Amino acid sequence: MSYSKFLAGALLASTALVGAAQAQEGGVTVVLSEELDLIDPCMATRSNIGRVVLQNISETLTELDVRGDGGVMPRLATDWEQTDDTTWRFNLREGVTFSDGSAFDAGDVVHSFERTQSDENSCEISRYYEGMGVTMTAVDDSTLEVSTDDPQPIMPLLMSLLTVVPSETGMEFTREPVGTGPYVLSEWNPGQNILLERRDDYWGEMPEVTSGNYVFRSDAAVRAAMVETGEADIAPSISALEATDPDMDKSYPNSETVYLRIDHSVAPFDDKRVREALNLAIDREAFVGTILADGTEPATAIVPPTTIGWNSEVEQWPYDPERAQELLDEAGADGVPVDAEVTLVGRTGNFPNATETYEAIVGMLNEAGFNMQLQMVEVAEHEQYYSKPYVQDRPILVGAQHDNSRGDPVFSMFFKYDSEGRQSGISDERVDDLIDQASAATGDERKALWSELFAYLHDEVISDALLFHMVGFARVGENVEYEPTIATNSQLQLAEIGLK
Amino acid sequence: MQKAIGKRAISSFISLFLLVILVFFLSRLTGDPAALFLPVDASEEMLEAFRERHGLNDPVIVQFFSYLGDLVRGDFGDSLRKARPALDVVLEAFVWTLQLALITMALVTVAAVTLGSIAAFKVGTAFDRFTSMLSLIGASAPDFWIAIVAIVLFSVNLGWVPTSGTGSVWHWILPICVLFIRPFGLILQVVRGSMLSALGSAYVKTARAKGVKNRPIIFVHTLRNAMLPVVTVIGDQAAALLNGAVVVETIFGFPGVGKLMIDSILQRDFNVILAAIMVTALAIFIMNILIDLAYALLDPRIRA
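This is a predicted model, so every value here is computed, not measured.

Caption draft 1: Examining helix α3 (residues 106-117) of chain A more closely. Residue and element names in this part refer to chain A. Along its twelve residues, α3 runs 17 Å from first to last C-alpha, staying within 8% of the 16 Å computed at 1.5 Å per residue. Burial analysis of α3 places nine of its twelve residues in the buried class, which makes it a mostly covered element. Buried-residue contacts for α3 involve β5 (87-92), β6 (135-140) and β7 (143-147). Looking at where α3 begins, the residue whose side-chain oxygen comes 2.9 Å from the main-chain nitrogen of Gly107 is Asp105.

Now the structure itself:
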C-alpha cells in the first residue's frame, strides 16, 4: 500500500468517526444505562426495553397522556365503552399495518394478549392482568371485546400496557419484533447498538426523526460526556452530580418513591408508637438539595402526587426527635423491646447516593434512641429481604424504591399493602377492603376511596416510613428538542423528539 | 516437551472441572434468578412458572447432571436473561476481549522491554530515574480514575477521540491506553531489574573484555537471559486481561467478557457465568502452553 493511500484511508476513518452521532440525516442517538437483554414487545414494561420498543416499534390500544391531563388517549383503538359491568368494547383503528405488511385487526390483539399468558415465555406485562379472568374476543376485524370476572373500571388504562404483535408471532421470546409503530428494528449488534429506522407506511403522523440509534454505557459520567461531545443526542438518565449544565440538563419527577418498608409482625415495630417515632426521627427536608437532588419531594404516599386519589390533606411527618424519643421511652416502659438492634437493609446503587442516604437515616434514627445498623446489599440479596417470605429472626427495615408512572394507585397498592401483597408489611382488614373497593370503583368514588386509603395508611396504620419522591435528570443535546416526563423511566418516544 | 504439555493439559482440565462444579453449586446458593428476571410485583405463580420452565425447581444435583449431560454434547445451555445460547453470548464478548488483550499486551511488551533495557543499561542516569518514576506511577494508578480523566481530557475538552463505544479504530485508542498503563509499569520494573542482574553477570564482563559493542551485549547476550522472569510476568498480566478488563469495559461501554461476567453474576445468569469461566479458562490454558514454549525457546535447559 502506498503512503498516500494509507493517508486517505486514515482520513476516511477519521471523518467516519466525527460523523458518528449524526451518521444518518435526521437520526438521533440515545445513550441508555444498560444493554437490553431482550427486545420482545411483551417485555416493554421493563425500563430500557420500553424506552426502545414502546410506541416506537410496538403500539398499544390506548396511551396515558403524560404531557397533558388528557387521561387515557386513543392509539390503536379509536374509542371504547363499557357495555356491561364486566365487559368493555374497543373499536380499533382501521387501515393500520404492521411493519411486515400484514393488516392489524382484533385477532392480533387477542393473540398478543394470549401470548403474554403463555407458559412458553416469561412475558412481564402479564402481571397486570393476573387474577382478573380476562377473556378477549374479536367480535369482528375492528371490534374487540374484553370481559373479566369482576368489574375492571380501568381496563382502558390497562390496555396502554398491552403491546400488540401480529398473530403470526410465536410464543417464545422474539428477537425480531414486528409492530404497528412508526419505527422498525433495523440492526441489533449485541453489546454495541440497536438501530431503529422510520417506516414510510406508518398509519399516523410521520415523526420528524428518521432513525434512533441506541447505545449503552453504565457510567453516568460517560453518558453525560457523550451528549456534551455530540456523540449522543439524549441521555435519559444521568445523575444529579453530572447535571451541571442548565442548557442541556433537565430534571423531571421520575415516578420513583423511596421508603422504608416495615414488617409489622416483628417487635418492636408491632407497636404503633415505635413506627411513629421512626417517622418523626427522620429529617426529610435535610436531604433535599444536599445528598439528594434539588426537586426531590418528601413523600406521604408510595405513589407520586400526579396519581389519581393523591391526598393533599395528608400531612408530612414533622421532624421531631424529642417526641420520637418520648414515644420510644413510653413504649419501652410498656415492655416493647425498643433497644433491640434493627437492621436497615438498603440496595447499593438503587438510586444516586443510596448508601449516603441510608447512612444519614441510620444516624438520625440512632440519635433519636433507636439501635440501628445499616446493611447495604446487592440486588439479588435485597430481593430476599424485600419480598415474602420475610426474614423474621430480627427486626428489619427494608429501604426500597417503587415506581408508578401509570397514573393509578392500583398498580402499587395491592402489592405493597394488601395482606396478600408480596412486599406488604401489614395485614389490615380495612386496608384490604379499601383496596378491593377502590380497584372496582370509577370516577370520583375511586378517587375518594384511594384518598381515604392513603390517609388511613399514613396517619392511622403508620404502615411504613415514606421518604421521598425522586427526580431524574436527562441531558439533551443542542441539536434536538425533547422534554422528559414522568414516563421517561419507562418510554422514550422518538416521535416526541424534535430536530433543530 | 510434548509429554509435559500433555500432563499440563490433563491437570488443567481437572482443575477446570473442579472449578465448574464449585461455581455451579455456589452460584445456585446465592439467589433466585426468577426474582431478578421478573419484576418485584410479579406473583408467586409467575415466579414458580419461571423456575419450572428453566428447571430451577429440580434438586441441584439433578440440575448438575443434566447440565453435564448437555455439556458433553457441546450444549452450554441458554442464557436466562437473553433467551439465546450462552456460548454465543460469551464468544461474542470474548472476541472483543481477546483483541483488546492481544493488542494491549503486544504494545506493552515492546514498550516495556525496550525502555526497561535502556534504563538498565543507563542505570542511575536521568533517563533511568524518569522511567522508574513512570513505571511506579503506572503500576499504582487506579484505572477507574484514569479512564474518567482520559475521557474528560481527550474526548470532551480536546475532542481528539470518541468518549467510548465501538465502531472505528479511534474508539480503541482510549481503552488500550488506559489498559496499557498498569502492566507497562509492572513489566518495565521487572525488565529493568532482570537486565541489571544479567548485565552484572560474568559472561557480560567476558563479552565486554572481548570488545563486544553495547548493542549486541543488550540484544544478543543479556536480553535473552533476562527475559525468563519477564515472560512469567507478561503471562500473568495477559491472563488478567483475558479475564476481562472489567473497569475499562464498563466505563468505555466496550462489549467484552469481563463486564458480561459481572453482569451475569449480578443477574444470576448461571449458564453464562459457567460458559464465560470455561471459555476464559481455556484461553488462559492455551496461553500458558505458549508461555511454556517461549521458556523452552529462550532456555535450552528446559527443552531437555
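Caption draft 2: Summary view of the confidence of the model for chain A. Residue and element names in this part refer to chain A. On average, residues of chain A carry a pLDDT of 91, and 95% of them reach 70 or more. By mean pLDDT, the top-scoring element of chain A is β5 (97), and the lowest-scoring one is helix α1 (residues 3-18) (42). This model gives residues 1-22 a pLDDT under 50, and the stretch forms 15 contacts once residues within four places in sequence are excluded.

Caption draft 3: Region of interest: the domain arrangement of chain A. All names here are of chain A. By domain assignment, chain A separates into domain 1 (3-39 + 181-249 + 472-499), domain 2 (62-158) and domain 3 (256-469). One C-alpha centre belongs to domain 1, the other to domain 2; they are set 31 Å apart. Every contact between the two is made by 13 residues of domain 1 and, on the other side, eleven residues of domain 2. Where domain 1 abuts domain 2, roughly 970 Å² becomes buried across the two surfaces, and 48% of that area is made up of carbon and sulfur atoms. Put simply, Glu496 and Arg67 hold a salt bridge, and the shortest N to O gap is 2.7 Å. The interface formed by domain 1 and domain 2 contains seven residue pairs in polar contact (both at pLDDT 80 or more).

Caption draft 4: Layout of the UniProt feature "domain: ABC transmembrane type-1" (unreviewed entry) in chain B. Within this numbering scheme, the UniProt entry marks residues 94-291 of chain B as carrying the feature "domain: ABC transmembrane type-1" (unreviewed entry). The straight-line gap between the two end C-alpha atoms of residues 94-291 of chain B is 21 Å; of that span, 83% is helix and 0% is strand.

Caption draft 5: Main features of the packing of aromatic side chains. Scanning all chains against the criterion turns up 22 aromatic pairs over all chains. Where Trp96(B) meets Trp172(B), the ring centres are 5.8 Å apart and the plane angle is 25 degrees; that geometry is what we call stacked. Pair noted here: Trp96(B) is in helix α5 (residues 86-121) and Trp172(B) is in helix α8 (residues 170-199), with a separation of 76 residues, a long-range link. Residue Trp96(B) is classed as buried on the basis of its relative accessible area, which comes to 17%. One residue, Arg175(A), lies across the ring of Trp188(A), its end atom 4.1 Å from the ring centre. Lying over the aromatic face of Tyr390(A), Arg261(A) brings its terminal NZ or CZ to 4.1 Å of the ring centre.

Caption draft 6: Layout of a negative patch on the surface. A cluster of acidic side chains, namely Asp149(A), Asp150(A), Glu429(A), Asp433(A) and Asp436(A), defines a negative patch on the protein surface. The topology assignment puts Asp149(A) in the loop between β7 and α4 (155-158).

Caption draft 7: Expanded view of the UniProt feature "domain: Solute-binding protein family" (unreviewed entry) in chain A. As annotated by UniProt and renumbered to match this structure, "domain: Solute-binding protein family" (unreviewed entry) occupies residues 72-412 of chain A. When the span residues 72-412 of chain A is considered, its composition is 21% helix and 26% strand, and the gap between its end C-alpha atoms is 18 Å.

What counts as what
- Residues numbered from 1 in each chain as written.
- Chains lettered and ligands numbered in written order.
- Predicted model: local features only at pLDDT ≥ 70, side-chain atom pairs only at ≥ 80, totals over all residues.
- Heavy atoms only, no water.
- Helix = DSSP H or I, 4+ residues; strand = E, 2+ residues; numbered from the N terminus.
- Expected span 1.5 Å × (residues − 1).
- Buried < 20%, exposed > 50% of the residue type's maximum accessible area, 1.4 Å probe, protein only.
- Contact = heavy atoms within 4.5 Å.
- Polar contact = N/O pair within 3.5 Å; in protein donor to acceptor, adjacent residues only side chain to side chain.
- pLDDT = per-residue confidence, 0-100.
- Domains from an automatic or database assignment.
- Buried area = accessible area lost by both parts, 1.4 Å probe.
- Salt bridge = Lys/Arg side-chain N within 4 Å of Asp/Glu carboxyl O.
- UniProt positions renumbered as here; feature names shortened; annotations may be inferred.
- Phe/Tyr/Trp six-rings, centres within 6.5 Å; stacked < 30°, edge-to-face > 60°.
- Lys NZ or Arg CZ within 6 Å of the ring centre and 35° of its normal.
- Patch = residues over 30% accessible without salt bridge, like charges linked within 9 Å, V, L, I, M, F, W, Y side chains within 5 Å.
- Areas by Shrake-Rupley, 256 points an atom, 1.4 Å probe, with all protein chains shown as cover.
- Lys, Arg positive; Asp, Glu negative; His and termini not counted.
- Charge placed at Lys NZ, Arg CZ, Asp CG, Glu CD.

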